[in-house]
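# Topology and contacts: notes
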Amino acid sequence: MTHRTKLASLTSALALALALGGAPFGASPSIAQTAEPVVEEIQTISVGRYTYEGHGSVNTHCIETPNGVIVIDTQRDTQHAAEALASVKTLGKPVIAIFVTHGHPDHYTGLEQFRAEWPDANIYASAETARVIEVDHYGYHQVVRDLAPEAAPDEFIVPNRIIEPNETLSIDGVTIITRELGASEATSATAFYLPSTGDLYTGDTVLNRMHGLFYEERSDAILTTVDTLRVLFPDAVTIHPGHGDPGPAQRLLADHEAYTLDARARVAAAIAAGLDEETIVEQVRAALFAAYPDHTVPGGQPNMVELSVRGLLAELSNKPIVEKDTLLGEDQ
């Protein structure tokens, strides 16, 4: 199989960002190969993605197998899902499986369109991710419909194939190792790893040059997840994040960890200084934008960083106080 040229020019248009609410943003779609074809035994696979520029940009990843395409995450709204679908179709192969990394709607809203095009493709997700989609855990489905009915799906599709914890799959001869990462950025996350190529798909547990999302008050779990990924996938070569460009695995892990620690430290220092909530939010928000001028916002809402600071404030304010004697020992 030869390395295929992906569609680089798709219809650009204005769409509403729908995850965690939304606001209009400009979209500049693109699809790019991120690795040369790699031989897995006697077969060849290649990886690529669809994305677009601006606030709220999210990735749809694709793994081209000998006889089909595996898709990971399907976009935040019907417009971008249609563009992602069109780019996948240029490969000239059917989608044979779809994976959902976690239960935030910017990663699964396009499932309806992909299923309509490829009805025989199983949609894979963890039990918790499928539950979140089915019960509308976050209450965003109606928000999506209310804010932008023209960009909302008729139905939010629930995955039909539950991934067992730490299951290893073989799809069209390609081995995919799955690992459940638990609650951190969302209520659950599943990592997908190709051992033959070192490609690791992390969803939003790792971002690249994006402001972290801490709104759900689990930044400590995000740090734990980064360490977990280091332990589980020491040979990972490239991380393909939910938002931002793919990049060297260890660098992306270190960068996301450093950003998370920095944001936590800034909020903790402001709490210790006795500042009021609104002052903390405004000062830390401004400081993060100044400290990371090359970072963009993964969620569609322009105030996503403010929401993350509020999440950190709530999380760190509720941490139990550890007595000094407990830390130093009674004889210290």
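The structure contained in this document is the topic of the report that follows. In this text, all values refer to a predicted model and were calculated from it rather than measured experimentally. (Residues numbered from 1 in each chain as written. Predicted model: local features only at pLDDT ≥ 70, side-chain atom pairs only at ≥ 80, totals over all residues. Heavy atoms only, no water.)

## Quick notes on the overall build of the protein chain
Rules: To qualify as a helix, a DSSP run of H or I must reach at least 4 residues; to qualify as a strand, a run of E must reach at least 2; elements of each kind are numbered from the N terminus. Each residue's exposure class comes from its accessible area (1.4 Å probe, protein chains only) as a fraction of the maximum for that residue type: buried when under 20%, exposed when over 50%, partly exposed otherwise. Contacts are assigned to residue pairs that have any heavy atoms within 4.5 Å of one another. Surface accessibility in these figures is a Shrake-Rupley result with a 1.4 Å probe; residues are shielded only by whichever protein chains are displayed.
Of regular secondary structure, the protein chain possesses nine helices and 16 strands. For the protein chain, the proportion of its 332 residues judged to be buried stands at 54%. Nonlocal contacts in the protein chain, meaning residues at least 24 apart in sequence, comprise 69% of its contacts between residues at least 6 apart. Total accessible area computed for the protein chain in this model is approximately 13,600 Å², and 51% of it derives from carbon and sulfur atoms.

## Overview of the packing of aromatic side chains
What counts is decided by this rule: Each Phe, Tyr or Trp ring, with Trp reduced to its six-membered ring, pairs with another whose centre is within 6.5 Å; inter-plane angles below 30 degrees give stacked pairs, above 60 give edge-to-face pairs, and intermediate values give tilted ones.
In this structure the tally under the stated criterion is nine aromatic pairs. An angle of 50 degrees between the planes, with centres 5.0 Å apart, marks the rings of Tyr193 and Phe233 as tilted. Of this pair, Tyr193 sits in strand β13 (residues 190-194) while Phe233 is found in the loop between α5 (219-232) and β15 (238-241), placing the two residues 40 residues apart along the sequence. As far as burial versus exposure is concerned, Tyr193 and Phe233 are alike and both buried. Grouping aromatic residues by their ring pairs yields a cluster made of Phe99, Tyr124 and Phe192.

## Digging into helix α6 (residues 249-272)
Keep this limit in mind: One less than the residue count of a helix, multiplied by 1.5 Å, gives the span that helix is expected to have.
Over its 24 residues, α6 extends 35 Å from the first C-alpha to the last, a length consistent with the 34 Å expected when each residue adds 1.5 Å. Residues of α6 that are buried include every one of Ala249, Leu252, Leu253, His256, Tyr259, Thr260, Ala263, Arg264, Val267 and Ala270, and no others. Just beyond α6, the residue with positive phi is Gly274, at close to 80 degrees.

## Re the environment of Arg218
To keep things clear, this is the line we draw: Residues adjacent in sequence count toward polar contacts only when both atoms are side-chain atoms; beyond that, a polar contact is any pair of N or O atoms within 3.5 Å, and within protein one must be able to donate a hydrogen and the other to accept it.
Mapped onto the secondary structure, Arg218 falls in the loop between β14 (199-203) and α5. Apart from residues no more than four positions distant in its own chain, Arg218 is found in contact with Ala183, Ser184, Glu185, Ala186, Thr187 and Glu315. A distance of 2.8 Å separates the side chain of Arg218 from the backbone oxygen of Ser184, its partner in a polar contact.

## Quick notes on the environment of Leu223
Residue placement: Leu223 occurs in helix α5. Distance from Leu223 to Glu257, taken between C-alpha atoms, is 6.1 Å for residues 34 residues apart in sequence. Not counting residues up to four positions away in its chain, the partners in contact with Leu223 are Glu257, Thr260, Leu261 and Arg264.

## Things to note about α5
The periodicity of an α-helix, 3.6 residues per turn, causes residues three or four places apart in sequence to face the same way. For α5, which comprises 14 residues, the first-to-last C-alpha distance of 20 Å matches the rise-based estimate of 20 Å (1.5 Å per residue) to within 8%. Every buried residue of α5 is accounted for by Ser219, Ala221, Ile222, Leu223, Thr225, Val226 and Leu229.

## Considerations on the sheet that holds strand β12 (residues 174-180)
Threshold: A strand pair is defined by DSSP finding two or more bridges across the two strands.
Strand order in the open sheet formed by six strands is β11-β12-β13-β14-β15-β16, with mixed pairing between adjacent strands. Since the sheet does not close on itself, it has two edges, and those belong to β11 (168-171) and β16 (247-248), each with one partner. Summarising the sheet, β13 and β14 pair through three bridges and their orientation is antiparallel. Bridging across to β14, Leu194 finds its partner in Asp199.

## Topic: unusual backbone geometry
A negative phi holds for most residues other than glycine; trans holds for most peptide bonds. Phi at Asp136 is positive, roughly 55 degrees, even though this residue is not glycine. For Asp136, the location among the structural elements is in the loop between α3 (127-135) and α4 (140-147). Unlike most non-glycine residues, Glu217 shows phi in positive territory, near 65 degrees. Along the chain, the position of Glu217 falls in the loop between β14 and α5. Glu217 gets classed as partly exposed once you look at its relative accessible area, which sits at 39%.

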